[in-house]
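A structural walkthrough
Read off the chains here:
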Amino acid sequence: MYFGHTAISTLCLFNFVSFAVADKLLRNRKLGPSNGPPDNGPHGNRPHRNKDEEDDPRRPGGPNLDFGQEADYIVVFKDESSHSSFSQNEMATANCVRHLNFMNGEVIKLPNAQAAQQWAERDDVLFVEKDQEVRKLAEEVPYGINLVEALNIDYVAGSGVKACIIDTGYGRGHPDLPNNNLITGFNPYGSGEWFVDGDGHGTHVAGTMAAVGNNIGVVGVTSKANMPLHIGKGLEDNGSGTTSGVLAAMRDCVQSGAKVVNMSLGGGGPSSAVQSFLTGLENDGTNVLFVAAAGNGGSSSYSYPASYDSPLVMSVAAVNSNSVKASFSQYNDQVDIAGPGVNVNSPTTSNGGTTNIYAEFSGTSMASPHVAGVAALIWSHHPTKSAAEIRLALECSAVMPQQYGNVVRNNDVGY
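Residues numbered from 1 in each chain as written. Predicted model: local features only at pLDDT ≥ 70, side-chain atom pairs only at ≥ 80, totals over all residues. Heavy atoms only, no water.

Under the counting rule described, the total for this entry stands at 5 aromatic pairs. Between Phe86 and Trp119 the ring centres are 5.8 Å apart and the planes differ by 75 degrees, which places this aromatic pair in the edge-to-face class. Residue Phe86 is found in helix H4 (residues 80-89), and its partner Trp119 is found in helix H5 (residues 113-120); the two are separated by 33 residues along the sequence. The same class applies to Phe86 and to Trp119, which are both buried. (Phe/Tyr/Trp six-rings, centres within 6.5 Å; stacked < 30°, edge-to-face > 60°. Helix = DSSP H or I, 4+ residues; strand = E, 2+ residues; numbered from the N terminus. Buried < 20%, exposed > 50% of the residue type's maximum accessible area, 1.4 Å probe, protein only.)

This part covers the packing of helix H7 (residues 201-210) against helix H10 (residues 364-381). For the pair H7 and H10, interaxial distance at closest approach is 8 Å and the crossing angle is 35 degrees. Helix-helix and strand crossings are classified by hand; for H7 and H10 the assignment is right-handed. Residue-level inspection shows His201, His204, Val205, Thr208 and Met209 of H7 in contact with H10, the latter providing Ser365, Met366, Pro369, His370, Ala372 and Gly373. Per-class residue counts for the contact of H7 with H10 are 5 nonpolar, 6 polar and no charged. (Axes fitted to C-alpha atoms, helices over the stretch in contact; angles between N-to-C directions. Left-handed = near helix turned anticlockwise from the far one by under 90°. Contact = heavy atoms within 4.5 Å. Nonpolar A, V, L, I, M, F, W, Y, C, P; charged D, E, K, R; others polar.)

Membership of the largest hydrophobic core comes to 71 residues, with the highest contact counts inside it found for Ile166, Leu229, Met250, Val261, Met263 and Phe290. Ranked by residues supplied to this core, first place goes to H10 with 10 residues. (Core = buried A, V, L, I, M, F, W, Y, C linked by side-chain atoms within 4.5 Å.)

The next point concerns the state of the cysteines. One pass over the structure, following the stated rule, counts 1 disulfide. The residue that forms a disulfide with Cys164 is Cys253, at a sulfur-sulfur distance of 1.9 Å. Residues Cys164 and Cys253 share a disulfide whose torsion about the S-S bond is about -40 degrees; that sign makes it left-handed. Placement of Cys164 in strand E5 (residues 162-166) and of Cys253 in helix H8 (residues 243-255) is noted, with a sequence separation of 89 residues between them. Exposure class is identical for Cys164 and Cys253. Each is buried. (Disulfide = S-S within 2.5 Å.)

So, about the sheet that holds strand E4 (residues 125-130). Across the sheet, which stays open at both edges, the 4 strands sit in the order E2-E3-E1-E4 with antiparallel pairing between neighbours. Lying at the two open borders of the sheet, with one neighbouring strand each, are strand E2 (96-100) and E4. For this sheet the average axis-to-axis angle between neighbouring strands, irrespective of direction, equals 20 degrees. Running at roughly 45 degrees to strand E3 (residues 105-110), H4 makes contact with strand E1 (71-77), E2 and E3 of the sheet. (Pairing = 2+ DSSP bridges.)

Here the focus is the sheet that holds strand E8 (residues 258-263). The strands that make up a sheet pair up through hydrogen bonds in the backbone, lying either parallel or antiparallel. Spatial ordering of the open sheet is given by E6-E7-E5-E8-E9-E10-E11, a layout of 7 strands whose pairing is parallel. Lying at the two open borders of the sheet, with one neighbouring strand each, are strand E6 (183-186) and strand E11 (335-340). Within this sheet the neighbouring strands show an average axis-to-axis angle of 25 degrees, counted without direction. Alignment of strand E10 (residues 313-319) against E11, held across 5 bridges, turns out to be parallel. Bridge pairing links Ser315 to Val335 in E11.

A few words on H5. Listed as buried for H5 are Ala115, Ala116, Trp119 and Ala120. Along the axis of H5, the buried positions cluster into a sector of 140 degrees, meaning they face one direction only. Tucked inside the fold, the buried residues of H5 contact E1, H4, E3 and E4. Its side-chain oxygen at 3.3 Å from the backbone nitrogen of Gln114, Asn112 defines the N-terminal cap of H5. (Arc of directions from axis to C-beta. Polar contact = N/O pair within 3.5 Å; in protein donor to acceptor, adjacent residues only side chain to side chain.)

Along the chain, Tyr304 connects to Pro305 via a cis peptide bond; the corresponding omega equals 20 degrees. Mapped onto the elements, Pro305 comes out in the loop between strand E9 (289-293) and E10. Its identity as a non-glycine residue notwithstanding, Asn104 has a phi of 55 degrees, on the positive side. Within the secondary structure, Asn104 sits in the loop between E2 and E3.

A few words on the confidence of the model for the chain. Within the chain, residue pLDDT values average 85, and 82% of them lie at 70 or more. In the model, residues 14-68 has pLDDT below 50 throughout and makes 80 contacts with residues more than four positions away in sequence or in other chains. (pLDDT = per-residue confidence, 0-100.)

A word on the pairing of E10. Where burial is concerned, most of E10 is hidden: 7 out of the 7 residues are buried. Neither face of E10 is left uncovered, since the one carrying Val313, Ser315, Ala317 and Val319 and the one carrying Met314, Val316 and Ala318 both have all their residues buried. Pairing of E9 with E10 involves 4 bridges; the strand directions are parallel. Of the residues in E10, the one forming a bridge with Ala292 is Ser315.

Mapped onto the elements of the fold, Asn215 is located in the loop between H7 and strand E7 (229-232). Using a relative accessible area of 46% as the deciding quantity, one classes Asn215 as partly exposed. Taking the C-alpha atoms as reference, Asn215 lies 9.2 Å from Asp176; in sequence the two are 39 residues apart.

The next subject is the environment of Asp79. Structurally, Asp79 is set in the loop between E1 and H4. Take Asp79: its relative accessible area is 35%, and that puts it in the partly exposed class. A C-alpha to C-alpha distance of 6.5 Å links Asp79 and Asn104, two positions 25 residues apart in sequence. Among the polar contacts made by the side chain of Asp79, one reaches the main-chain amide nitrogen of Ser82 at a distance of 2.7 Å.

As structure tokens, this is what we get:
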């Protein structure tokens, strides 16, 4: 399923009282239809209201009237005569902010809800509405950020929850990426720097997770540049690496204290070395969650590291903006969840890492950082929870695409 309902994930955590219980649930999942109450939709319990009443802009609480604390309101009079009478008799005592003579209106600062309601109910007033804030549209919120509801909650600064990205590096000079002392990195290879991305893939992934809300470009899942981020350059500038290089990056992420590790990579078969490393982490009770791309082969084959049989690894499939599984997304019994992965806009680099740009990429590589970013968001609100509990919180708050009906999970999109 595609990932959604970010805030609900925090509630799901209270269903699991201990690591032992959560771990047992992970290992003993039961598939089948939900026995919960029928969904009556978002308006199921909404009281009936006359449409004319709803559309009346003068009705207190109507769509164009926001009764709150002191604020500026646009007051439009019924006609020129009414406006002229106001100007002659009341203008001197009204707190007018701006004149809208071309439409017989005024912008008036009103002190409280009662005053706003009184203006709305005057016989000489046509309508009243709040003078809303309007901002430039220079910064885009990619559809995936809204689909996973990442803007509903903020990352808790100082929570100690660090994320790690194992990829081709990090375009540290990109103006839309965090560039502060919270960003660290590691390169297991003999050449290149972790903060230079000669391929662009790793920067794109990082942008989805952490692009800064700064009125340019786009925003990421965590957009306030306050989440510690560690970069493991497990892939070189040509976009490829080795199992041992990726394994070294995995170990470095864990040693750096990362809780969530994104791995938008794959290739080859399973590695006994990687499986042994994961088993060791399990046995030690290490609280880390590896979120990995399911693969882009469009088949039921297994891709690694996503398909390692470990409760510390989540395999992420891809859906489009309509929550339909992407044709390239691999599907099998290891797929745990899905995220937005088609035409995802994010910061990236070109020309060997020397040019900072934006681009739309498609792949399960793009879906994975959506899930990893949300995992870090949720964990920052509950830093004492275990990896198993965070994983279950993600699963129980995910939304099954409508075309799959009432099922708990399937091989296409997971839970």
